[in-house]
Amino acid sequence: MQASIMATDPTIAILSGKGGTGKTLLSVNLSSVAAMATYIDCDVEEPNGNLFFKPSREFEKLVTVKKPVVDETLCDGCHKCVDFCAFNALALIGKRLMIFDEICHSCGGCIYVCPQKALSESERPIGEMSIGHSGSVRCISGTMNIGESSGVPIIEALLKHKDGNLTIIDAPPGSSCLVTESIRLADFCILVAEPTIFGSHNLAMVHQLVTLLGKKHAVVLNKTLEGVNPSEEYCKKNNIPILGNIPFDKRLGKMNSEGRIAAREDAHYHKLFSAILEKALKEVSDETAADPQR
Amino acid sequence: MILAIPSDKESLDSAICVSFGRAPFYCLFNTEEQQNSFLVNSAAESPGGAGIKAAQLLVDNKADLLITFRCGENAAKVLEPAGVKLFKALNLSVADNISAHQQNKLEPLQEVHAGFHHGH
């Protein structure tokens, strides 16, 4: 047996400009047709991959961020931390320092600038994460607590558990910081697009993001129907490879809405998703060979 | 007593700014001296936490009372313990709101809103 050229299997992120286009459908099914895969649900505001996988829970932990706490006996009200904070998470009334945890970005700057050493770090939970298995799929998922302002630290925590297997990242919708963080380690991005004008605008949004970040990418057209597909037109115009179509099918919609994994139950869909994965892996290896920096 | 009023322009004829935290200016009116001055709001362009920073600015400038259309909860968390009283603005100029206050025609601001925090 020949030694593998790549030390690890690729990481493929699944993105779309809005919710409901089929990111989780594609992520869950691609993970299921691989011989071995790690699925990471980075949509920490509304994770739903585990509704399909129903994995074992082998590992759980709280995700915390560092936040400043003040020792009021040391604070002399000098105002330096308040002036330093770029996010306006601190306020000072007389000598009373107020700290707005949900606005703090955990940079530690206030602690650094305090001449009185009145500020120190403590851990504040903002969510939780879990790891388990479902068949040949290792499932990593995280949930952000309600009321928190940013899930980025949770996504960072999830990505630390990525292993050398083929990794499928189910990204949050849109093109926010959460998405940027989710695709940071991706070798390849698959953009899922709906066959409408609105869908093509959403596609353009994530296409701009992956282009800006220099990520190799391709498109999967979901819910396709007969006739003109504005998202397909967009791909042709911008020379974006199309890995495949998932035709509109009420049967697939029903399976999906019942939390069933089509590729595990249905030979037709097993074949369809296997073909998409095969094409994606071919694109990744072609692109890797073409890019000397990798 | 110092009144603070968020304003669109640096003038007593200006309309009151609909936003508290992101108002471009605050008119500060000293009731004892009957003098006014305008403060540039350094929080107006903040990416986040504008209400907190604006409230801090008013506290640092010794405002006793704020006349505003609305106020977010984070700003209120700074203003209230600092003893800054909140009054509901009338849809009139800055000058007319000052005289309305002098004639006791303003009502206390009844509610603070949850803020307009944007996602990241």
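This text gives an overview of the structure that appears in the document.

The rules behind the values
Residues numbered from 1 in each chain as written. Chains lettered and ligands numbered in written order. Predicted model: local features only at pLDDT ≥ 70, side-chain atom pairs only at ≥ 80, totals over all residues. Heavy atoms only, no water. Pairing = 2+ DSSP bridges. Helix = DSSP H or I, 4+ residues; strand = E, 2+ residues; numbered from the N terminus. Axes fitted to C-alpha atoms, helices over the stretch in contact; angles between N-to-C directions. Contact = heavy atoms within 4.5 Å. Core = buried A, V, L, I, M, F, W, Y, C linked by side-chain atoms within 4.5 Å. Buried < 20%, exposed > 50% of the residue type's maximum accessible area, 1.4 Å probe, protein only. Salt bridge = Lys/Arg side-chain N within 4 Å of Asp/Glu carboxyl O. 1 Å grid on protein atoms, 1.4 Å probe; cavity = no way out; pocket = protein on both sides within 12 Å on 5 of 7 lines; lining within 4 Å. Points joined across faces, edges and corners; volume = space filled by probe spheres on them. Nonpolar A, V, L, I, M, F, W, Y, C, P; charged D, E, K, R; others polar. Arc of directions from axis to C-beta.

## Topic: the sheet that holds strand β9 (residues 188-193) of chain A
Residues and elements named next belong to chain A.
Right, so step 1: The nine strands are arranged β3-β6-β7-β2-β8-β1-β9-β10-β11 in an open sheet whose pairing can be described as mixed. On the outer flanks of this sheet lie β3 (59-70) and β11 (242-247), each paired with one strand and no other. When strand polarity is set aside, the average angle formed by the axes of neighbouring strands in this sheet is 20°.
Right, so step 2: Sheet analysis places strand β10 (residues 216-224) next to β11, joined by five bridges and oriented parallel. Bridge pairing in β11 links Thr-224 to Pro-247.

## Focus: the environment of His-113 of chain B
Residue and element names in this part refer to chain B.
Right, so step 1: Among the structural elements, His-113 can be located in the segment after α3 (94-102).
Right, so step 2: It is 19 Å that separates the C-alpha atoms of His-113 and Ala-4, two residues lying 109 residues apart in sequence.
Right, so step 3: Each residue touching His-113, except ones within four places of it in the same chain, is listed here: Arg-70, Cys-71, Gly-72 and Glu-73.

## Things to note about the nonpolar core
Right, so step 1: Phe-20, Tyr-26, Leu-58, Leu-66, Val-78 and Leu-79 of chain B are the most contacted members of the largest nonpolar core, which has 43 residues in total.
Right, so step 2: Of all the elements in the fold, those that place two or more residues in this core are α3 (80-84), β4 (90-93) and β5 (96-99) of chain A together with β1 (2-7), β2 (25-30), α1 (50-60) and α2 (73-79) of chain B.
Right, so step 3: Among the elements that line this core, the one with the most residues is α1 of chain B, at six residues.
Right, so step 4: With residues near it in sequence (within four places) discarded, Tyr-26 of chain B still touches Ile-5, Pro-6, Ser-7, Phe-20, Gly-21, Ser-37, Phe-38, Leu-39, Asn-41, Ala-54, Leu-57 and Leu-58 of chain B.
Right, so step 5: Counting residues in each nonpolar core, the second largest holds 37 residues, with Cys-42, Leu-158, Val-179 and Leu-191 of chain A among its members.

## Some details on the pairing of β5 of chain A
Right, so step 1: In this structure, β4 of chain A lies alongside β5 of chain A, joined through four bridges in antiparallel fashion. If you follow Leu-92 of chain A over to β5 of chain A, its bridge partner there is Leu-97 of chain A.

## Some words on the pattern of salt bridges
Residues and elements named next belong to chain A.
Right, so step 1: Under the defined criterion, the tally for this structure stands at 13 salt bridges over all chains.
Right, so step 2: Between Arg-260 and Glu-258 there is a salt bridge, and its shortest N-O distance comes to 2.5 Å.
Right, so step 3: Among the residues examined, Glu-258 registers a relative accessible area of 40% and is labelled partly exposed.
Right, so step 4: Across the pair Lys-282 and Asp-286 runs a salt bridge whose closest N-O atoms are separated by 3.5 Å. One end of the pair, Lys-282, and the other, Asp-286, are both in helix α11 (residues 267-290), four residues apart, so they sit about a helical turn from each other.
Right, so step 5: Overall, the relative accessible area of 42% leaves Asp-286 in the partly exposed class.
Right, so step 6: What you see here is one network of salt bridges that share partners, running through Lys-254, Glu-258, Arg-260 and Glu-265.

## Side note on empty space enclosed by the protein
Residues and elements named next belong to chain A.
Right, so step 1: Throughout the structure, instances matching the rule amount to two cavities of 30 Å³ or more.
Right, so step 2: Roughly 130 Å³ of internal volume is contained in the largest cavity.
Right, so step 3: Where the lining of the largest cavity is concerned, the elements lending two or more residues are β3 and α4 (109-113).
Right, so step 4: For the lining of the largest cavity, the per-class residue count stands at nine nonpolar, four polar and three charged.

## Brief notes about helix α8 (residues 230-237) of chain A
Residues and elements named next belong to chain A.
Right, so step 1: Considered for burial, the residues of α8 that qualify are Pro-230, Ser-231, Tyr-234 and Cys-235. Projected down its long axis, α8 shows its buried positions confined to an angular sector of 145°, all on one face. Of the exposed residues in α8, those oriented more than 90 degrees away from the buried face are Lys-236 and Lys-237.
Right, so step 2: In this fold, the buried residues of α8 make contact with β9, α7 (197-212), β10 and β11.
Right, so step 3: Phi turns positive, to about 55°, at Asn-239, one or two residues after α8.

## Quick look at the sheet that holds β2 of chain B
Residue and element names in this part refer to chain B.
Right, so step 1: Pairing in this open sheet of five strands is mixed, and the strands run β3-β2-β1-β4-β5 from one edge to the other. Every interior strand has two partners, whereas the edge strands, β3 (35-40) and β5 (85-88), have only one. Looking at each pair of strands side by side, their axes are set apart by 25° on average, direction ignored.
Right, so step 2: Here β1 runs beside strand β4 (residues 65-68); their pairing, made up of two bridges, is parallel. Each residue of the ladder has a partner; that of Ala-4, found in β4, is Leu-66.
Right, so step 3: Against the sheet, α3 engages β1, β2 and β4, with an angle of about 145° to β1.

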